[in-house]
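# Structure at a glance
Take a look at the letters that make up each chain.
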Amino acid sequence: MTPWLLFGAGSGVGACLLQRALACNQPVVLVLRDNEQARQWREQGVTVVEGDACEPAVVADACQAAGPDAVIVSTLGGGSVNYLGHRTLIDGAEQAGLKRVLLVTSLGYGDGWPLLSSRAKAAFGLAVREKSLAECWLQSSSLDYAIVRPGGLLDVVATHNGQLTLWPACAFGAVPSGIYRRDHDAVRA
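To keep things clear, this report deals only with the structure shown in the data block. (Residues numbered from 1 in each chain as written. Predicted model: local features only at pLDDT ≥ 70, side-chain atom pairs only at ≥ 80, totals over all residues. Heavy atoms only, no water.)

Capping the start of helix α2 (residues 35-43) is the job of one residue whose side-chain oxygen sits 3.1 Å from the backbone nitrogen of E36: D34. Positive phi shows up at G45, right after α2, with a value of about 90°. (Polar contact = N/O pair within 3.5 Å; in protein donor to acceptor, adjacent residues only side chain to side chain. Helix = DSSP H or I, 4+ residues; strand = E, 2+ residues; numbered from the N terminus.)

Along strand β4 (residues 71-74), one buried face is formed by V71 and V73 and the opposite face, lined by I72 and S74, is buried too. Sheet analysis places β4 next to strand β5 (residues 100-104), joined by four bridges and oriented parallel. Of the residues in β5, the one forming a bridge with I72 is V101. (Buried < 20%, exposed > 50% of the residue type's maximum accessible area, 1.4 Å probe, protein only. Pairing = 2+ DSSP bridges.)

Phi angles above zero are rare outside glycine, and N25 is one such case at about 55°. In this fold, N25 is placed in the loop between α1 (12-23) and β2 (28-32). N25 gets classed as exposed once you look at its relative accessible area, which sits at 65%.

Further remarks concern the nonpolar core. One recurring pattern in soluble globular proteins: nonpolar side chains tend to sit buried together. If you look at the biggest cluster of nonpolar residues, it comprises 24 residues, and the most contacted ones within it are L5, F7, V31, I72, L89 and L98. When contributions to this core are tallied by element, the ones reaching two or more residues are β1 (4-7), β2, α3 (56-66), α4 (84-96) and β5. It is α3 that contributes the most residues to this core, five residues altogether. Non-local contacts of L5, meaning those with residues more than four positions away in its chain, are made with V29, V31, A62, C63, A66, V71, I72, V73 and L98. Among the nonpolar cores identified, the runner-up in size contains twelve residues, and V28, L30, V48 and V73 belong to it. (Core = buried A, V, L, I, M, F, W, Y, C linked by side-chain atoms within 4.5 Å. Contact = heavy atoms within 4.5 Å.)

With that settled, the discussion passes to the layout of surface pockets. One number sums up the size of the second largest pocket: a volume of about 540 Å³. If you trace the second largest pocket, you find 30 residues lining it, with G8, S11, T75, L76 and G77 closest to the centre. Of all elements in the fold, only α1 and β2 reach the threshold of two or more residues within the lining of the second largest pocket. At three residues, the largest contribution of residues to the lining of the second largest pocket is made by α1. Broken down by class, the residue content of the lining of the second largest pocket amounts to twelve nonpolar, 13 polar and five charged. (1 Å grid on protein atoms, 1.4 Å probe; cavity = no way out; pocket = protein on both sides within 12 Å on 5 of 7 lines; lining within 4 Å. Points joined across faces, edges and corners; volume = space filled by probe spheres on them. Nonpolar A, V, L, I, M, F, W, Y, C, P; charged D, E, K, R; others polar.)

Written out as structure tokens, the structure is:
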């Protein structure tokens, strides 16, 4: 099995992906800032590189631990990681010879900006702009990549109503008001 190098497993989508990986015996290397989370996962036998994704040495150590065949999966978000962290991990992956990245952002990023309401732009526009820069950095890298932009994710029981829509066919009006994290089993490409 191809190992995953998982950034952002401390919460949200990343934590859900980690649980899924472990349930499927997927080899995974985590990058975590939180000392307690890192300790808990190490005690369960998971390989953890502790530190900040904005630090090139942390990313280099993580890439080495995962190996050159690993797929980077990033769900990082918040503060400086929106752009700087992603830029650091993309650059580090290229330098380490890794080839593939799955970047999870959200609706409204990249070419979705014009579809955001003025209220949404005012509320979280800076984060959208920074992660959009990360998407551009990835798109202009030498890496093979996929960008996933989920929207309205909620931590509740699966409804099996999730929809996969390829851009640009998707307009925000066509997206359900809430996609439940556990619906990932029902959504197939």
